[in-house]
Amino acid sequence: TMRICMISDFFYPNMGGVENHIYHLSKCLVDRGHVVMIVTHAYPPKQPAGTVTMYDGKIKVYYLPLPVMYNQCTLPGVFPPLLFYKQIYTREQVELVHGHQAFSVMCHEGILHARTMGIPCCFTDHSLFGFADTSSILTNKLLKFTLSDVTSVICVSHTSKENTVLRAALDPDQVYVIPNAIDAQLYPVNMNGWREDRVTIVVLSRLVYRKGIDLLLAIIPLVCARYPQVHFYIAGDGPKKLELEQMRERERLFDQITLAGPVPTERVGEALNRGDIFLNCSLTEAFCMAIVEAACAGLRVISTRVGGIPEVLPEDILSLADPNWLSLLSVVEGVVDDVLKMRSNSLGKEELIRTRREQHNRVIKFYNWPDVAERTERVYRACMHDAGTPLIERLNRYYGGGEVAGKLFIIIVLITYALHRLIECFGFVIMD
């Protein structure tokens with residue numbers, strides 16, 4: 001039995017793949033006998049700072065009063081949050097810290113302070129990054145800093161592993177591939193809300209550039225013009241929502257486009273059961289949980305061929321397109337033609353439900369949380385021998401971060417270590 005602390009800026013009430021991953025992994029680890037707590041930042045007014053319990057009181061969640069800078073990431077503080085982390089780690093007798101997502105400031109800070117206290121750490125990378133733009137260069141350097149003192153890293157696909165190894169200059173032997181999974185009970189096959197007189201294409205996504213919403217904006221008018229019976233059901237929120245609303249109004253497609261807004265996790269299955277086809281237009285993805293959820297609900301899945309997506313589902317379930325509007329339009333039209341052909345062959349609702357349930361049963365064998373938790377537990381065991389690493393050895397690891405960056409890393413670690421000792425001497429307490 002281990003006492004495990006999950007840390008990330010991204011957790012409920014925020015919605016997304018990282019949030020679901022942390023919660024479901026934590027549930028399965030608790031079921032396997034471990035003690036799990038989660039540390040994130042407050043989401044006022046939905047979730048003020050404080051502690052709450054989830055999963056019948058078995059998981060404690062700390063919502064820290066940290067200022068949010070951008071896209072739910074907290075303002076980098078490095079040293080001030082040490083007071084929070086040290087108190088939580090000490091109070092909860094944490095034996096291992098598991099950070100999630102390279103974008104998360106709390107993840108990097110939580111791992112740094114845990115290593116300062118001699119606690120072993122693990123890191124899971126959920127995204128792919130480039131190497132040329134300013135944002136990627138800075139994020140990759142930050143990742144190199146954090147992973148210099150982490151024994152084991154988990155990636156959600158083999159493509160993600162290759163990307164992380166290159167970005168952080170890691171030994172491939174210390175990077176494990178453990179995919180995401182789904183809670184199949186949330187995605188039953190019942191086809192409630194399904195209509196025989198239309199072909200419904202479902203889009204469930206954050207409405208941001210990275211999710212390929214510009215591609216969606218380009219193909220929707222063309223698909224709707226060719227197929228009057230096609231209906232787009234788009235659920236999600238983000239800065240691109242306004243452009244979708246403008247496009248719908250400009251093209252007079254109110255009868256063929258539904259903008260449903262954000263959909264809670266418990267209602268995702270209901271949204272999927274409305275549709276015949278699920279469309280993902282992402283420009284980059286390490287894994288993409290959404291296409292697995294859609295496949296579990298029995299839908300035909302169309303996605304861009306990016307990142308780790310080709311690894312996720314077999315070819316008879318997943319149709320791939322290049323990340324440009326011409327290729328995506330061609331694939332969408334081909335799948336819509338297939339659906340219409342099935343309709344013309346008088347494939348009734350009951351037969352469709354049977355076919356979709358067969359697909360549902362296949363997908364849940366591919367990805368399930370108990371298997372992910374068991375594999376993650378093995379990684380935790382590999383991390384445990386890194387507890388109590390001498391400071392001089394840690395400094396040597398950080399020095400390998402670069403001629404200039406390595407020295408900066410060492411300065412940060414030494415200041416953190418000094419503050420840690422100071423807190424121990426004076427016994428600062430900031431939380432009840």
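Our subject is the structure that appears above.
All of these numbers come straight from a predicted model, not from anything done at the bench.

Enquirer: Account for the pattern of salt bridges, with residues named and values stated.
Expert: Throughout the structure, instances matching the rule amount to 24 salt bridges. A salt bridge links D214 to K240, with the shortest nitrogen-to-oxygen separation between them at 2.9 Å. Taken together, the residues D214 in helix α6 (residues 213–226) and K240 in the loop between β12 (230–235) and α7 (241–251) connect sequence positions 26 residues apart. Take D214: its relative accessible area is 31%, and that puts it in the partly exposed class. With relative accessibility at 13%, the residue K240 sits in the buried group. We note a salt bridge from R375 to D371, for which the minimum N-O separation is 3.5 Å. Placement of the pair is R375 and D371 together in helix α12 (residues 369–383), with a separation of four residues, close to one helical turn. Judged by its relative accessible area of 28%, R375 falls in the partly exposed class.

Enquirer: Could you give an account of the packing of aromatic side chains, naming the residues involved and the relevant values?
Expert: Centre distance and the angle of the planes are the two values used to describe a pair of aromatic rings. The final tally for this structure, using the stated rule, is six aromatic pairs. Residues F366 and Y367 carry aromatic rings whose centres are separated by 6.3 Å and whose planes lie at 80 degrees to one another, so their mutual orientation is edge-to-face. Its relative accessible area of 10% is what places Y367 among the buried residues. Linked through ring pairs, F11, Y12 and Y23 together constitute an aromatic cluster. Cation over ring: K58 sits above Y55, and NZ or CZ is 5.1 Å from the ring centre.

Enquirer: So what's going on with the environment of T146? Which residues, and what values?
Expert: Checked against the element boundaries, T146 lands in helix α4 (residues 134–147). Take T146: its relative accessible area is 3%, and that puts it in the buried class. Separated by 252 residues in the primary sequence, T146 and Y398 place their C-alpha atoms 8.8 Å from one another. If we ignore the near neighbours within four places in the chain, the residues touching T146 are H108 and I111. There is a polar contact of 2.6 Å between the side chain of T146 and the side chain of H108.

Enquirer: Lay out the pairing of strand β2 (residues 35–41) in plain terms, naming residues and giving numbers.
Expert: Successive residues of a regular strand alternate their side chains across the two faces of the sheet. Judged by how many residues are buried, β2 sits mostly within the fold: six of seven residues are covered. As defined by bridge partners, strand β1 (residues 3–7) adjoins β2 across five bridges and the pair is classed as parallel. Residue pairing in the sheet places C5 in a bridge with M37 of β2. Where β2 and strand β4 (residues 59–64) come together, six bridges link them in parallel fashion. Within the sheet, the bridge partner assigned to T40 lies in β4 and is Y63.

Enquirer: With reference to specific residues and values, describe the sheet that holds β12.
Expert: Read across the open sheet, the six strands follow the order β13-β12-β11-β14-β15-β16; overall the sheet is parallel. Looking along the sheet, the strands with just one partner apiece sit at the ends: β13 (257–261) and β16 (318–321). Ignoring strand direction, the axes of neighbouring strands in this sheet form an average angle of 20 degrees. Taken together, the two bridges between strand β11 (residues 199–204) and strand β14 (residues 277–280) define a ladder with parallel strand orientation. Within β14, the residue paired with I201 across the bridge is I277. Each of β11, β12, β13, β14 and β15 (300–304) is contacted by α6, which is oriented at about 155 degrees to β12, the strand it contacts most.

Enquirer: Tell me what's going on with helix α14 (residues 405–426), and back it up with residues and numbers.
Expert: Here α14 is 22 residues long and its end C-alpha atoms lie 32 Å apart, about the 32 Å a rise of 1.5 Å per residue gives. Here α14 has its buried residues at A405, G406, F409, I410, V413, T416, H420 and I423. All buried residues of α14 fall inside an arc of 150 degrees around its axis, so they share one side. Across α14 from its buried face, at more than 90 degrees, point the exposed residues C425 and F426. Looking at the buried side of α14, the elements it contacts are α2 (82–91), α3 (105–116), α4 and α13 (391–399).

Enquirer: Pulling in residues and values, what's your account of empty space enclosed by the protein?
Expert: Remark: the empty space left among the atoms is shown by a probe the size of a water molecule rolled over them. Enumeration according to the criterion identifies two cavities of 30 Å³ or more in this entry. Size it by volume and the largest cavity reaches roughly 50 Å³. Taken together, V203, L204, S205, K211, I213, L216, F278, L279, N280 and C281 make up the full set of residues lining the largest cavity. Elements supplying a minimum of two residues to the lining of the largest cavity: β11, α6 and β14. The greatest single-element share of the lining of the largest cavity, amounting to three residues, is contributed by β14. Split into classes, the residues belonging to the lining of the largest cavity amount to seven nonpolar, two polar and one charged. For the second largest cavity, the calculated volume is near 40 Å³. In this structure, the second largest cavity is lined by N20, H24, A181, I182, D183, L186, Y187, T265, M289, E293 and W369. Taken together, the elements giving at least two residues each to the lining of the second largest cavity come down to α1 (17–31) and α9 (289–296).

Criteria and thresholds
- Residues numbered from 1 in each chain as written.
- Predicted model: local features only at pLDDT ≥ 70, side-chain atom pairs only at ≥ 80, totals over all residues.
- Heavy atoms only, no water.
- Salt bridge = Lys/Arg side-chain N within 4 Å of Asp/Glu carboxyl O.
- Helix = DSSP H or I, 4+ residues; strand = E, 2+ residues; numbered from the N terminus.
- Buried < 20%, exposed > 50% of the residue type's maximum accessible area, 1.4 Å probe, protein only.
- Phe/Tyr/Trp six-rings, centres within 6.5 Å; stacked < 30°, edge-to-face > 60°.
- Lys NZ or Arg CZ within 6 Å of the ring centre and 35° of its normal.
- Contact = heavy atoms within 4.5 Å.
- Polar contact = N/O pair within 3.5 Å; in protein donor to acceptor, adjacent residues only side chain to side chain.
- Pairing = 2+ DSSP bridges.
- Axes fitted to C-alpha atoms, helices over the stretch in contact; angles between N-to-C directions.
- Expected span 1.5 Å × (residues − 1).
- Arc of directions from axis to C-beta.
- 1 Å grid on protein atoms, 1.4 Å probe; cavity = no way out; pocket = protein on both sides within 12 Å on 5 of 7 lines; lining within 4 Å.
- Points joined across faces, edges and corners; volume = space filled by probe spheres on them.
- Nonpolar A, V, L, I, M, F, W, Y, C, P; charged D, E, K, R; others polar.

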